Amino acid sequence: MEKESIKKEVVVVGGGPAGLSGAIEAAKAGARVTLIDENDRAGGQLFKQIHRFFGSSEHKAGIRGYDIGKQLLQEAKDLDVEVMLNTVVWGIFKNGLLGIKRENKTEILVAKRILIATGASENPLSFPGWTLPGVMGAGAAQTMINLHRVLPGRKIVMVGSGNVGLIVSYQLLQAGAEVLVIVEVLPRIGGYLVHAAKIRRMGVPVLTSHTILKAEGKNEVEKVVIAKVDKKFKPIKGSEKKLKADLVCLAVGLEPLAELCWMAGCRFFYSRILGGFVPLHNKNMQTSIPHLYVAGDVSGVEEASTAMEEGKLAGIAMTESLGYISHQEAKKKKNVIQERLLALRQGPFGEERNQEKEKIYEIF
Amino acid sequence: MNERVENHPILGKAKHGKELTIYFNGNPISAYEGEPIAASLAAAGIKVFRYTSKNKEPRGIFCAIGQCTDCVMTVNGVPNVRTCVTLVKPGMRIETQKGLGKWKKKV
Ligand SMILES: Cc1cc2nc3c(=O)[nH]c(=O)nc-3n(C[C@H](O)[C@H](O)[C@H](O)COP(=O)(O)OP(=O)(O)OC[C@H]3O[C@@H](n4cnc5c(N)ncnc54)[C@H](O)[C@@H]3O)c2cc1C
Ligand code: FES
């Protein structure tokens, strides 16, 4: 296999904010970088995000997600990063070998360093009727309205009040749909309160301690039953409400998309706070397999801002290990980034994530 | 039925590709070049894309990014095509798939 393989230096899998930032940083240091994404455009999650981003200006806050994606892609191209779109990485094997597929052709690449920045996938939620057409991931609904400009439903029940649930609800309203209600099983709202306030001002009730009981309909969703839950998350009898709805959006969390890391044989750590099993990594974003690095949601579900910083860390560490930059210079750069990451991981949610990341570095 | 978002407060007016016709179970549907089959069908209000083999349960779009295979249909005689990541072509014949589908075309 190694004989027929195409030689590359640094290969980045995934063209979201983490992968793009890693590719840019590695190319700046002088490495030859190849960036691979399965979509027909780079940007990852950013391409669906039409809202102004939260965070600091250093992290391009206030700029709309899709514009951030465009800026990063341009920067990568200006640095001569080789961008392979419509290309899936289906396997990562020993000695830096990668299996890719494009235009129905399979090819094998061999790389000196690999950055896995594959992001996260949406969690499903099962309840009677959850497989009916008209039940979909919130991200799916977002893809339909913002990319394809088609409404997948008009009367919507959103399940989950994290930032994804809140933001997608807002975007569904902007696209002309009606969001009947957002239900949240916990006694408090999961996302930032500014987003929740905005949604409430537009007349959408956000019901905490509520869940979806079932979706009904012959061939597609026609009715949805929601109910209040008690302290043990058990539905309270008599509190059921039946709503006429044609779309249920699930925004119940994301899980690191780490198949390639499993395949490569990385060691893992389970973290509820970071979304599930995450590949163990150190502060250089290096996994238990020395030439393999991770960054962004795949190394723990967070935000685009942290994904970009982690990508940069990996880019610097990879090129440092290849001898493109001195240890001294690398250390200086990495310290600045670590400080920014610390600043980003503040507040009630951030603090928790910071502790979890520290735990991972320690176990490593 | 038209479920298209033609005007959007942030994205502006929709920029469509060339208009073309595809066929859903034999019926003509208008579509735009550059969009996936699932988008054209959803725009026409179609939600059921296939029925499962065992329990004959309906399925439709679930992830919209090619990961779950819920949206597979028979396209030009070829079963199990993920319609959310397959772009429309003029004259395409799209059929609701029953179970694992049947090959109608020799390849
Ligand atoms: C609705 C919503 C709103 C958000 N709002 C904000 C916000 O305001 N501010 C903020 O900071 N963050 C926000 N986020 C979070 C942010 O979008 C993510 O944290 C960020 O995109 C993660 O970046 P990433 O590079 O790790 O992964 P992604 O952006 O998910 O990119 C991963 C890429 O890898 C590709 N890929 C995966 N597997 C393969 C493979 N095997 N072969 C080839 N390609 C592959 C994927 O298709 C994808 O393009 C929001 C997220 C959502 C869903
Ligand atoms: S909807 Fe999941 S693959 Fe098409």
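Here is what the cut-offs are and how they apply
Residues numbered from 1 in each chain as written. Chains lettered and ligands numbered in written order. Predicted model: local features only at pLDDT ≥ 70, side-chain atom pairs only at ≥ 80, totals over all residues. Heavy atoms only, no water. Helix = DSSP H or I, 4+ residues; strand = E, 2+ residues; numbered from the N terminus. Buried < 20%, exposed > 50% of the residue type's maximum accessible area, 1.4 Å probe, protein only. Contact = heavy atoms within 4.5 Å. Polar contact = N/O pair within 3.5 Å; in protein donor to acceptor, adjacent residues only side chain to side chain. Domains from an automatic or database assignment. Buried area = accessible area lost by both parts, 1.4 Å probe. Phe/Tyr/Trp six-rings, centres within 6.5 Å; stacked < 30°, edge-to-face > 60°. Lys NZ or Arg CZ within 6 Å of the ring centre and 35° of its normal. Salt bridge = Lys/Arg side-chain N within 4 Å of Asp/Glu carboxyl O. Nonpolar A, V, L, I, M, F, W, Y, C, P; charged D, E, K, R; others polar.

Time to look at the environment of His-16 of chain B. All names here are of chain B. Its place among the elements puts His-16 in the loop between strand E2 (12–13) and strand E3 (19–24). The class for His-16 is partly exposed, based on a relative accessible area of 32%. Beyond its immediate stretch of four places on either side in the chain, His-16 contacts Arg-4, Glu-6 and Tyr-32. Separated by 2.9 Å, the side chains of His-16 and Glu-6 make a polar contact.

Now for the domain arrangement of chain A. All names here are of chain A. You can read the domains of chain A as domain 1 (5–121 + 254–363) and domain 2 (124–250). Each of domain 1 and domain 2 has a C-alpha centre, and these two points are 31 Å apart. Listed as interface residues are nine residues of domain 1 and, on the opposing side, 13 residues of domain 2. When the two sides are added together, the surface that domain 1 and domain 2 hide from each other amounts to roughly 950 Å², 59% of it contributed by carbon and sulfur.

Once that is clear, we can look at the packing of aromatic side chains. All told, the structure shown has six aromatic pairs over all chains when counted by the stated rule. Aromatic side chains Trp-130 of chain A and Phe-62 of chain B sit 6.1 Å apart centroid to centroid with 75° between the ring planes, which places their arrangement in the edge-to-face category. Pair noted here: Trp-130 of chain A is in the loop between strand E7 (120–122) and strand E8 (135–137) and Phe-62 of chain B is in the loop between strand E6 (58–59) and strand E7 (72–75), and the two residues belong to different chains. Taking relative accessible area as the criterion, Trp-130 of chain A reaches 29% and is therefore assigned partly exposed. The cationic tip of Arg-41 of chain A hangs over the ring face of Phe-47 of chain A; the distance from NZ or CZ to the ring centre is 5.4 Å. Over the ring of Tyr-170 of chain A we find Lys-198 of chain A; its NZ or CZ atom is 4.3 Å from the centre of that ring.

On to the interface of chain A and chain B, then. Residue-level contacts link 32 residues of chain A with 31 residues of chain B. Counting each side, the surface lost to burial between chain A and chain B is near 2600 Å², with a carbon and sulfur contribution of 57%. At the junction of chain A with chain B, the criterion picks out one salt bridge. With a shortest N-O distance of 2.7 Å, Glu-3 of chain B and Arg-154 of chain A are connected by a salt bridge. Scanning the region where chain A abuts chain B turns up 10 residue pairs in polar contact (both at pLDDT 80 or more). Counting only elements with at least two residues in the side of chain A that touches chain B, the list comes to E8 and helix H3 (138–147) of chain A. In terms of residues, the side of chain A that touches chain B owes the most to one element, H3 of chain A, which gives four residues. Here the side of chain A that touches chain B is built from residues that sort into 16 nonpolar, nine polar and seven charged.

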